[in-house]
Amino acid sequence: MRQIALVVVAFAVIAGTAVAAVIPPGAIVHYTMDTVDTSGSTILDTSGSATVHNGAMSGTGVVSHAGGVFGQSVVFTTTNSDSVNIPNHPEINTSAVTDRTVAMWFKADGTSLRQVLFEEGGGTHGLNMYIYNDDLYVGMWRDTGATETYLSTPVDAGVWHHAAFVLDSSSTFTGYLDGIAFDTGVGATVPAYANENFIGGRNGNSDTRFETGTGSGQGANSNAFGGMLDQFVLYNRALTDQEILGLSVIPEPTTLLIWSLLAGLGVGLGWRRRK
Ligand SMILES: [Ca+2]
Ligand SMILES: [Ca+2]
Ligand SMILES: [Ca+2]
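Asks: Would you mind showing me how to read the overall build of the chain here?
Replies: Assigned secondary structure in the chain consists of 4 helices and 17 strands. Taken over 275 residues, the chain has a buried fraction of 43%. A separation threshold of at least 6 residues defines the contact pool for the chain, and within that pool the share at least 24 residues apart is 66%.

Structural data, given as structure tokens:
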């Protein structure tokens, strides 16, 4: 009798609640891009870390939502130069970056124009993720290109993709698409750099750097992204391949039912907290 009641509860949970993503521990920034985590033009950081890194929508300053991979996403338009500013902070760019993971879901309106998904730092030192010429790129550079690595792989417009990069303390820089590493190159600690950080675009004309070896004159509208972004996370640690894969998986309803049942029976939490 008790188990029948639990089944009913599990179905109620699935029917009444949006799917919440479980992200690996230790996130410095986590933007769910959900309506509930938006306040005016502010994208709220829900990472639970000691410091709040709320994002500010620039361009029109208006945050528009659409259906995302988990709950809602945020819509970015190229013509409005929509982008989200992550303020300078020692946890992000004004201290040296040795271990860093950045990941997000994106659905691009088009993939031919040069469009920035994420950038931190500036022309001298930095990290980024962008689309150009039907490819996804991840990039890292320091000392104006003395060390510089760009990795790329083909992507499609109009479908959700998961993108990530990992820089680790053993000087490895790896790009991931849809949970799988597509290439690895030489990385290096990125020195502190006081130049602002953006999602879905960049600040000024020379405030990131592309595979061309320059950040200027590379396109209109601050290389703003057109499409939807969801579930942005930033870590000061190198996530494992398995953790990146986990971020790229959309839970199946049947899996959710099982998880809900297990949680109802009191065994789910023990599983999820096991390292
Ligand atoms: Ca935080
Ligand atoms: Ca979301
Ligand atoms: Ca910048």
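Asks: Got a minute to help me understand the sheet that holds strand 9 (residues 115-121) in this structure?
Replies: Strand pairing within a sheet occurs via backbone hydrogen bonds; the two strands may be parallel or antiparallel. The 9 strands lie next to each other as 2-3-4-7-16-9-10-11-12, forming an open sheet whose pairing is antiparallel. Every other strand in the sheet has two partners, leaving strand 2 (38-39) and strand 12 (147-154) as the edge strands with one partner each.

Asks: I'm lost on the nonpolar core in this one. Help?
Replies: In globular proteins that are soluble, nonpolar side chains generally tend to be buried together. Counting 60 residues, the largest nonpolar core has M104, L117, A163, A164, F165 and L229 as its most contacted members. Each residue touching L229, except ones within four places of it in the same chain, is listed here: M33, S73, V74, F76, M104, W105, F106, I199 and G200.

Asks: Explain the pairing of strand 17 (residues 227-235) here, please?
Replies: Along any regular strand the residues' side chains alternate between the sheet's two faces. Taken across its 9 residues, strand 17 has 9 buried, putting it largely inside the fold. Looking at chain direction, strand 6 (residues 72-76) and strand 17 are connected through 3 bridges and run antiparallel. Its bridge partner lying in strand 17, V74 is registered against L229. Note that strand 8 (residues 100-108) and strand 17 share 7 bridges and pair antiparallel. Each bridged residue has a counterpart across the sheet, and for A108 the counterpart in strand 17 is G227.

Asks: Help me understand unusual backbone geometry in this model?
Replies: With glycine set apart, most residues show a phi of negative sign, and most peptide bonds adopt trans. Located in the positive-phi region is N133, a residue other than glycine, with phi close to 55°. Positive phi outside glycine occurs at Q231, with the angle close to 50°. Relative to the helices and strands, Q231 resides in strand 17.

Asks: In this structure, what is going on with the environment of V233? I would like to understand it.
Replies: With respect to the helices and strands, the residue V233 is situated in strand 17. The spacing of V233 and A164 is 69 residues in sequence and 9.3 Å in space, taken between C-alpha atoms. Sequence-distant contacts of V233, that is, excluding residues within four places in its chain, are made with I23, A27, V29, H30 and A103.

Conventions and cut-offs
Residues numbered from 1 in each chain as written. Chains lettered and ligands numbered in written order. Predicted model: local features only at pLDDT ≥ 70, side-chain atom pairs only at ≥ 80, totals over all residues. Helix = DSSP H or I, 4+ residues; strand = E, 2+ residues; numbered from the N terminus. Buried ≥ 20, exposed ≤ 12 C-beta atoms within 10 Å, placed from the backbone. Contact = placed C-beta atoms within 7 Å. Pairing = 2+ DSSP bridges. Core = buried A, V, L, I, M, F, W, Y, C linked by C-beta atoms within 7 Å.

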